[in-house]
Amino acid sequence: MSAARLRAVFRLGPGRPEEAPVKLRQERIYILPTTSGLAFVGMLAIMLVASINYSISLGYAFAFLLGGVGTASVLCAFRNLFRLSIRYGKAESAFPGGNVVFHLLIENPDPRRRPALRLIASDKRGETCFDLPPSACSEILLALPAQQRGVLPIGRTVIETRWPLGFVRVWSVLMPDMEALIFPTPEVGSPPPDRFPSDRPADLGSLCSGNEDFAGLRAYRETDSPRRVAWKVYARDGEMLTKEFSASASGELLFNWYDLPVGLPEEARLSRLATWLLLARQGEERYALRLPAREFPAARGEAHLRRCLGALARHETVQEKK
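Computed from a prediction, not measured in an experiment: that's the story for all the values here.

Undergrad: Describe the overall build of the protein chain, listing the residues and the values that go with them.
TA: Scanning the protein chain from N- to C-terminus turns up 6 helices and 16 strands. Taken across its 322 residues, the protein chain has 42% of its residues classed as buried. Counted over contacts in the protein chain with a minimum sequence separation of 6, partners at least 24 positions apart contribute 66%. Surface summary for the protein chain: the accessible area is close to 17600 Å², and the carbon and sulfur share equals 56%.

This is how it looks when you write it as C-alpha coordinates:
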(Lines give C-alpha, C1' and ligand atoms only; values in the text may rest on other atoms or scores of the structure.)
Protein backbone atom coordinates (compact mmCIF):
# COMPACT_ATOMS: atom_id res chain seq x y z
CA MET A 1 0.00 0.00 0.00
CA SER A 2 1.40 3.40 -0.99
CA ALA A 3 2.21 6.14 1.52
CA ALA A 4 -0.55 8.32 0.05
CA ARG A 5 -3.05 5.51 0.56
CA LEU A 6 -1.91 5.01 4.16
CA ARG A 7 -2.35 8.72 4.85
CA ALA A 8 -5.83 8.59 3.36
CA VAL A 9 -6.80 5.52 5.39
CA PHE A 10 -5.49 6.73 8.73
CA ARG A 11 -6.14 10.45 8.06
CA LEU A 12 -2.52 11.29 8.79
CA GLY A 13 -2.28 14.08 6.21
CA PRO A 14 -3.39 17.67 6.74
CA GLY A 15 -6.82 16.85 5.28
CA ARG A 16 -9.63 19.30 4.66
CA PRO A 17 -12.04 20.69 7.26
CA GLU A 18 -15.18 18.61 7.65
CA GLU A 19 -18.70 19.94 7.69
CA ALA A 20 -20.80 19.22 10.76
CA PRO A 21 -22.21 16.97 12.00
CA VAL A 22 -19.41 14.39 12.00
CA LYS A 23 -20.71 10.89 12.76
CA LEU A 24 -18.33 8.21 14.02
CA ARG A 25 -19.18 5.23 11.88
CA GLN A 26 -17.32 1.92 11.79
CA GLU A 27 -15.03 2.83 8.87
CA ARG A 28 -13.48 5.81 10.65
CA ILE A 29 -12.79 4.19 14.04
CA TYR A 30 -9.35 2.61 14.51
CA ILE A 31 -8.07 0.13 17.10
CA LEU A 32 -4.53 -0.76 18.16
CA PRO A 33 -3.23 -2.58 21.27
CA THR A 34 -1.51 -0.58 23.98
CA THR A 35 1.64 -1.68 25.80
CA SER A 36 -0.55 -3.19 28.49
CA GLY A 37 -2.54 -5.02 25.83
CA LEU A 38 0.55 -6.51 24.25
CA ALA A 39 1.80 -7.63 27.67
CA PHE A 40 -1.61 -9.21 28.34
CA VAL A 41 -1.49 -11.13 25.04
CA GLY A 42 2.06 -12.32 25.85
CA MET A 43 0.94 -13.52 29.26
CA LEU A 44 -1.94 -15.47 27.70
CA ALA A 45 0.43 -17.08 25.21
CA ILE A 46 2.77 -18.18 28.01
CA MET A 47 -0.16 -19.56 30.03
CA LEU A 48 -1.46 -21.49 27.02
CA VAL A 49 1.95 -22.98 26.16
CA ALA A 50 2.49 -24.01 29.78
CA SER A 51 -0.97 -25.61 29.93
CA ILE A 52 -0.31 -27.57 26.73
CA ASN A 53 3.16 -28.67 27.90
CA TYR A 54 2.02 -29.88 31.31
CA SER A 55 -1.58 -30.84 30.36
CA ILE A 56 -3.12 -28.53 32.98
CA SER A 57 -6.88 -28.38 32.39
CA LEU A 58 -7.33 -25.51 34.84
CA GLY A 59 -4.65 -23.58 32.93
CA TYR A 60 -6.64 -24.00 29.70
CA ALA A 61 -9.80 -22.70 31.37
CA PHE A 62 -8.05 -19.74 32.93
CA ALA A 63 -6.28 -18.79 29.67
CA PHE A 64 -9.51 -18.96 27.64
CA LEU A 65 -11.43 -17.06 30.31
CA LEU A 66 -8.90 -14.21 30.29
CA GLY A 67 -8.84 -14.30 26.49
CA GLY A 68 -12.60 -13.84 26.43
CA VAL A 69 -12.36 -10.93 28.86
CA GLY A 70 -9.72 -9.27 26.66
CA THR A 71 -11.84 -9.75 23.52
CA ALA A 72 -14.92 -8.33 25.25
CA SER A 73 -12.92 -5.28 26.35
CA VAL A 74 -12.03 -4.58 22.70
CA LEU A 75 -15.71 -4.64 21.76
CA CYS A 76 -16.63 -2.38 24.71
CA ALA A 77 -13.93 0.13 23.74
CA PHE A 78 -15.16 0.21 20.15
CA ARG A 79 -18.77 0.74 21.22
CA ASN A 80 -17.64 3.61 23.46
CA LEU A 81 -16.98 5.69 20.31
CA PHE A 82 -19.36 4.13 17.82
CA ARG A 83 -22.29 6.34 16.65
CA LEU A 84 -21.14 9.49 18.44
CA SER A 85 -22.04 12.70 16.59
CA ILE A 86 -19.90 15.85 16.76
CA ARG A 87 -21.10 19.35 15.92
CA TYR A 88 -19.20 22.63 16.18
CA GLY A 89 -19.91 25.39 18.66
CA LYS A 90 -18.25 28.77 19.10
CA ALA A 91 -14.54 29.56 19.28
CA GLU A 92 -13.41 32.00 21.98
CA SER A 93 -10.59 34.29 20.86
CA ALA A 94 -7.79 35.49 23.13
CA PHE A 95 -4.65 37.60 23.41
CA PRO A 96 -1.16 36.05 23.16
CA GLY A 97 -0.21 34.28 26.37
CA GLY A 98 -3.76 33.15 27.05
CA ASN A 99 -5.84 30.26 25.72
CA VAL A 100 -8.30 30.10 22.87
CA VAL A 101 -11.22 27.81 23.67
CA PHE A 102 -13.10 25.71 21.12
CA HIS A 103 -16.59 24.45 21.97
CA LEU A 104 -17.61 21.11 20.47
CA LEU A 105 -21.06 19.58 20.91
CA ILE A 106 -20.84 15.78 21.21
CA GLU A 107 -24.06 13.80 21.16
CA ASN A 108 -24.51 10.33 22.60
CA PRO A 109 -27.60 8.80 20.91
CA ASP A 110 -27.61 5.58 22.97
CA PRO A 111 -29.26 5.00 26.38
CA ARG A 112 -25.93 4.09 27.98
CA ARG A 113 -23.11 6.19 29.37
CA ARG A 114 -19.89 6.75 27.42
CA PRO A 115 -17.11 6.96 30.04
CA ALA A 116 -13.39 7.82 29.89
CA LEU A 117 -13.26 9.74 26.60
CA ARG A 118 -10.49 12.16 25.63
CA LEU A 119 -10.36 14.95 23.07
CA ILE A 120 -6.78 15.71 22.03
CA ALA A 121 -5.20 18.25 19.71
CA SER A 122 -3.07 16.22 17.29
CA ASP A 123 0.17 18.01 18.20
CA LYS A 124 -0.50 17.61 21.94
CA ARG A 125 -1.24 21.33 22.40
CA GLY A 126 -4.18 20.52 24.64
CA GLU A 127 -6.57 17.80 25.72
CA THR A 128 -9.83 17.34 27.62
CA CYS A 129 -11.10 14.25 29.47
CA PHE A 130 -14.86 13.78 29.76
CA ASP A 131 -17.79 11.38 30.09
CA LEU A 132 -21.00 11.48 28.11
CA PRO A 133 -24.33 10.85 29.87
CA PRO A 134 -26.88 8.58 28.15
CA SER A 135 -29.06 10.04 25.38
CA ALA A 136 -27.68 13.55 25.78
CA CYS A 137 -25.61 16.20 24.02
CA SER A 138 -22.68 17.66 25.98
CA GLU A 139 -20.60 20.76 25.28
CA ILE A 140 -16.91 19.85 25.47
CA LEU A 141 -14.24 22.55 25.68
CA LEU A 142 -10.77 22.22 24.17
CA ALA A 143 -8.29 24.95 25.17
CA LEU A 144 -5.21 25.63 23.04
CA PRO A 145 -2.41 28.08 23.86
CA ALA A 146 -2.51 31.42 22.05
CA GLN A 147 1.10 32.01 21.05
CA GLN A 148 1.12 34.71 18.37
CA ARG A 149 -1.29 37.06 16.66
CA GLY A 150 -3.31 35.67 13.79
CA VAL A 151 -5.83 32.97 12.95
CA LEU A 152 -5.57 29.68 14.84
CA PRO A 153 -7.51 26.74 13.33
CA ILE A 154 -8.27 23.86 15.66
CA GLY A 155 -6.60 21.50 13.18
CA ARG A 156 -6.57 17.72 13.37
CA THR A 157 -8.24 16.61 16.58
CA VAL A 158 -8.39 13.08 18.00
CA ILE A 159 -11.19 11.63 20.09
CA GLU A 160 -10.09 8.43 21.82
CA THR A 161 -10.80 5.98 24.63
CA ARG A 162 -8.96 3.14 26.40
CA TRP A 163 -11.93 2.09 28.47
CA PRO A 164 -12.55 -0.36 30.15
CA LEU A 165 -9.24 -2.19 30.75
CA GLY A 166 -6.69 -0.14 28.84
CA PHE A 167 -5.69 -3.06 26.59
CA VAL A 168 -6.50 -1.21 23.35
CA ARG A 169 -6.55 2.38 22.13
CA VAL A 170 -9.64 3.19 20.06
CA TRP A 171 -9.64 6.53 18.26
CA SER A 172 -11.02 8.60 15.44
CA VAL A 173 -9.52 11.68 13.78
CA LEU A 174 -11.60 14.81 13.24
CA MET A 175 -10.94 17.85 11.08
CA PRO A 176 -13.36 20.43 12.54
CA ASP A 177 -14.02 23.51 10.44
CA MET A 178 -13.25 25.85 13.34
CA GLU A 179 -10.81 28.68 13.90
CA ALA A 180 -10.19 31.29 16.59
CA LEU A 181 -8.55 34.71 16.46
CA ILE A 182 -5.51 35.73 18.48
CA PHE A 183 -5.56 39.49 18.93
CA PRO A 184 -2.42 41.68 19.02
CA THR A 185 -0.72 42.06 22.38
CA PRO A 186 -1.77 45.39 23.93
CA GLU A 187 1.05 47.94 24.12
CA VAL A 188 2.40 48.83 27.54
CA GLY A 189 2.67 52.57 28.14
CA SER A 190 0.79 53.47 24.97
CA PRO A 191 0.28 57.22 24.36
CA PRO A 192 -3.35 58.39 24.53
CA PRO A 193 -5.33 58.31 21.27
CA ASP A 194 -6.23 61.47 19.36
CA ARG A 195 -9.79 62.57 18.78
CA PHE A 196 -11.11 63.73 15.44
CA PRO A 197 -9.47 67.03 14.50
CA SER A 198 -11.55 69.79 12.92
CA ASP A 199 -9.47 69.50 9.73
CA ARG A 200 -9.98 65.75 9.20
CA PRO A 201 -9.94 64.58 5.56
CA ALA A 202 -13.23 64.57 3.68
CA ASP A 203 -12.96 60.86 2.86
CA LEU A 204 -13.39 60.06 6.54
CA GLY A 205 -16.62 62.00 6.85
CA SER A 206 -18.63 58.80 6.51
CA LEU A 207 -16.80 57.30 9.47
CA CYS A 208 -17.67 59.84 12.09
CA SER A 209 -19.44 62.96 13.21
CA GLY A 210 -18.48 65.63 15.74
CA ASN A 211 -15.83 68.37 15.87
CA GLU A 212 -12.96 69.51 18.01
CA ASP A 213 -11.48 72.94 18.53
CA PHE A 214 -7.82 73.91 18.33
CA ALA A 215 -6.47 74.22 21.89
CA GLY A 216 -2.82 75.17 21.39
CA LEU A 217 0.68 73.81 20.82
CA ARG A 218 2.95 71.63 22.91
CA ALA A 219 6.43 70.14 22.54
CA TYR A 220 6.74 67.38 19.94
CA ARG A 221 7.02 63.75 21.10
CA GLU A 222 8.29 60.83 18.98
CA THR A 223 4.94 59.05 19.35
CA ASP A 224 2.98 61.98 17.85
CA SER A 225 1.28 61.59 14.47
CA PRO A 226 3.00 63.55 11.67
CA ARG A 227 -0.42 65.01 10.79
CA ARG A 228 -0.52 66.78 14.16
CA VAL A 229 2.85 68.49 13.73
CA ALA A 230 2.65 72.28 13.27
CA TRP A 231 4.66 72.32 10.05
CA LYS A 232 4.15 76.04 9.44
CA VAL A 233 5.69 76.83 12.81
CA TYR A 234 8.55 74.42 12.05
CA ALA A 235 9.20 76.09 8.68
CA ARG A 236 9.17 79.55 10.28
CA ASP A 237 11.01 78.97 13.57
CA GLY A 238 12.59 75.50 13.17
CA GLU A 239 10.85 74.24 16.32
CA MET A 240 8.95 70.95 16.33
CA LEU A 241 5.56 71.49 17.98
CA THR A 242 2.37 69.41 18.03
CA LYS A 243 -1.15 70.77 17.69
CA GLU A 244 -3.64 69.89 20.43
CA PHE A 245 -7.40 69.89 20.12
CA SER A 246 -10.08 70.04 22.76
CA ALA A 247 -12.91 67.56 22.37
CA SER A 248 -16.48 68.67 22.07
CA ALA A 249 -19.22 66.85 23.95
CA SER A 250 -19.99 64.74 20.88
CA GLY A 251 -16.35 64.02 20.06
CA GLU A 252 -15.49 60.57 18.71
CA LEU A 253 -12.25 58.68 18.40
CA LEU A 254 -10.57 57.78 15.14
CA PHE A 255 -7.91 55.08 15.15
CA ASN A 256 -6.17 55.53 11.83
CA TRP A 257 -3.35 53.27 10.64
CA TYR A 258 -1.85 56.12 8.61
CA ASP A 259 -1.78 58.54 11.55
CA LEU A 260 0.69 56.40 13.50
CA PRO A 261 4.38 57.39 13.48
CA VAL A 262 6.08 56.49 10.19
CA GLY A 263 8.87 54.43 11.72
CA LEU A 264 6.63 52.33 13.95
CA PRO A 265 6.89 48.60 13.03
CA GLU A 266 3.77 46.82 11.86
CA GLU A 267 3.29 44.66 14.96
CA ALA A 268 3.82 47.70 17.20
CA ARG A 269 1.14 49.55 15.20
CA LEU A 270 -1.31 46.71 15.72
CA SER A 271 -0.51 46.56 19.44
CA ARG A 272 -1.08 50.29 19.85
CA LEU A 273 -4.37 50.15 17.98
CA ALA A 274 -5.49 47.19 20.10
CA THR A 275 -4.69 49.15 23.27
CA TRP A 276 -6.67 52.15 22.06
CA LEU A 277 -9.65 49.93 21.19
CA LEU A 278 -9.66 48.44 24.69
CA LEU A 279 -9.39 51.86 26.32
CA ALA A 280 -12.23 53.21 24.21
CA ARG A 281 -14.41 50.23 25.11
CA GLN A 282 -13.59 50.67 28.78
CA GLY A 283 -14.60 54.33 28.59
CA GLU A 284 -17.71 53.51 26.52
CA GLU A 285 -16.51 55.86 23.79
CA ARG A 286 -17.65 55.87 20.18
CA TYR A 287 -14.74 55.15 17.87
CA ALA A 288 -13.92 54.35 14.27
CA LEU A 289 -11.05 52.26 12.91
CA ARG A 290 -9.26 52.73 9.60
CA LEU A 291 -6.88 50.03 8.34
CA PRO A 292 -5.15 49.68 4.96
CA ALA A 293 -7.85 47.32 3.67
CA ARG A 294 -10.91 48.02 5.85
CA GLU A 295 -12.77 50.81 7.59
CA PHE A 296 -15.17 50.49 10.51
CA PRO A 297 -17.63 53.36 11.11
CA ALA A 298 -17.86 54.91 14.55
CA ALA A 299 -19.79 52.78 17.04
CA ARG A 300 -19.49 51.40 20.53
CA GLY A 301 -20.13 48.14 22.34
CA GLU A 302 -18.66 44.67 22.69
CA ALA A 303 -19.64 43.53 19.19
CA HIS A 304 -17.90 46.55 17.61
CA LEU A 305 -14.79 45.86 19.71
CA ARG A 306 -14.71 42.22 18.56
CA ARG A 307 -15.04 43.22 14.90
CA CYS A 308 -12.20 45.72 15.16
CA LEU A 309 -9.91 43.40 17.13
CA GLY A 310 -10.69 40.64 14.64
CA ALA A 311 -9.57 42.87 11.77
CA LEU A 312 -6.29 43.53 13.61
CA ALA A 313 -5.79 39.79 14.19
CA ARG A 314 -6.29 39.07 10.48
CA HIS A 315 -4.12 41.95 9.28
CA GLU A 316 -1.33 39.67 8.05
CA THR A 317 -3.67 38.27 5.38
CA VAL A 318 -4.09 41.61 3.59
CA GLN A 319 -1.69 43.91 1.81
CA GLU A 320 -1.22 47.50 2.79
CA LYS A 321 -2.41 50.05 0.27
CA LYS A 322 0.25 52.14 -1.34
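Undergrad: How would you explain the packing of aromatic side chains if you had to name every residue and give the values?
TA: Applying the stated criterion across every chain, the model contains 7 aromatic pairs. Measuring from centroid to centroid gives 5.4 Å for Phe78 and Phe82, while their planes differ by 20°, and the two rings are stacked. A residue is classified by how much of its surface remains accessible, and Phe78, at 17% relative accessible area, is buried. Between the aromatic rings of Phe95 and Phe183, the centroid separation amounts to 5.3 Å while the plane-to-plane angle is 65°, which identifies the pairing as edge-to-face. In this pair, Phe95 sits in the loop between strand E3 (85-92) and strand E4 (99-108) while Phe183 sits in the loop between strand E11 (179-182) and strand E12 (212-219), placing the two residues 88 residues apart along the sequence.

Undergrad: Let's hear about the environment of Leu119: which residues, and what values?
TA: Here Leu119 is to be found in strand E5 (residues 114-121). With 15 residues separating them along the chain, Leu119 and Leu104 place their C-alpha atoms 9.9 Å apart.

Undergrad: Please give an account of the nonpolar core that cites residues and values.
TA: One finds Val100 and Ile159 to be the most contacted residues of the largest nonpolar core, which totals 32 residues. Counting residues per element, the ones that place at least two in this core are helix H3 (57-81), E3, E4, E5, strand E6 (127-132), strand E7 (136-145), strand E10 (168-174) and E11. Element by element, the count of residues in this core is highest for E4, at 4 residues. When near neighbours in sequence (up to four residues on either side) are disregarded, Val100 contacts Glu92, Ser93, Ala94, Leu142, Ala143, Leu144, Ala146, Leu152, Ala180, Leu181 and Ile182. Leu181, Leu253, Leu277 and Leu289 belong to the second largest nonpolar core, which has 23 residues in total.

Undergrad: Break down the sheet that holds strand E9 (residues 157-161) for me, citing the residues and quoting the values.
TA: Sheets are built from strands that pair by backbone hydrogen bonding, the pairs being arranged parallel or antiparallel. If you walk across this open sheet you meet the 5 strands as E2-E10-E9-E5-E6, and the pairing is antiparallel. Every interior strand has two partners, whereas the edge strands, strand E2 (30-33) and E6, have only one. Neighbour-to-neighbour, the strand axes of this sheet turn through a mean angle of 25°, independent of strand direction. As paired strands, E5 and E9 are joined by 5 bridges and run antiparallel to one another. Bridge pairing links Ile120 to Val158 in E9.

Undergrad: Go over the sheet that holds E3, please, and point to the residues and values.
TA: What the 4 strands build is an open sheet, ordered E1-E3-E4-E7; its pairing is antiparallel. Single-partner strands in this sheet number two, and they are strand E1 (22-23) and E7.

Undergrad: Tell me about the side chain of Arg272, and name the residues and values.
TA: Position of Arg272 relative to the elements: it lies in helix H5 (residues 266-282). Assessed through its relative accessible area of 4%, Arg272 is described here as buried. A polar side-chain atom of Arg272 sits 2.9 Å from a polar atom in the side chain of Glu187.

Undergrad: An account of unusual backbone geometry is needed here, citing residue identities and associated values.
TA: For the bond running from Ala20 to Pro21, omega is 0°, close enough to zero to count as cis. Residue position: Pro21 is located in the loop between helix H1 (3-10) and E1. Cis geometry is adopted by the peptide bond preceding Pro164, which originates at Trp163 and carries an omega value of 10°. Along the polypeptide, Pro164 turns up in the loop between E9 and E10. Phi is positive for Ala116, which is not a glycine, with a value near 55°. Topologically, Ala116 is positioned in strand E5. Among the residues examined, Ala116 registers a relative accessible area of 39% and is labelled partly exposed. The phi torsion at Glu284 lies on the positive side, around 55°, for a residue other than glycine. Take Glu284: it is sitting in the loop between H5 and strand E15 (287-290).

Calculation criteria
- Residues numbered from 1 in each chain as written.
- Predicted model: local features only at pLDDT ≥ 70, side-chain atom pairs only at ≥ 80, totals over all residues.
- Heavy atoms only, no water.
- Helix = DSSP H or I, 4+ residues; strand = E, 2+ residues; numbered from the N terminus.
- Buried < 20%, exposed > 50% of the residue type's maximum accessible area, 1.4 Å probe, protein only.
- Contact = heavy atoms within 4.5 Å.
- Areas by Shrake-Rupley, 256 points an atom, 1.4 Å probe, with all protein chains shown as cover.
- Phe/Tyr/Trp six-rings, centres within 6.5 Å; stacked < 30°, edge-to-face > 60°.
- Core = buried A, V, L, I, M, F, W, Y, C linked by side-chain atoms within 4.5 Å.
- Pairing = 2+ DSSP bridges.
- Axes fitted to C-alpha atoms, helices over the stretch in contact; angles between N-to-C directions.
- Polar contact = N/O pair within 3.5 Å; in protein donor to acceptor, adjacent residues only side chain to side chain.

Geometry only, nothing functional implied.
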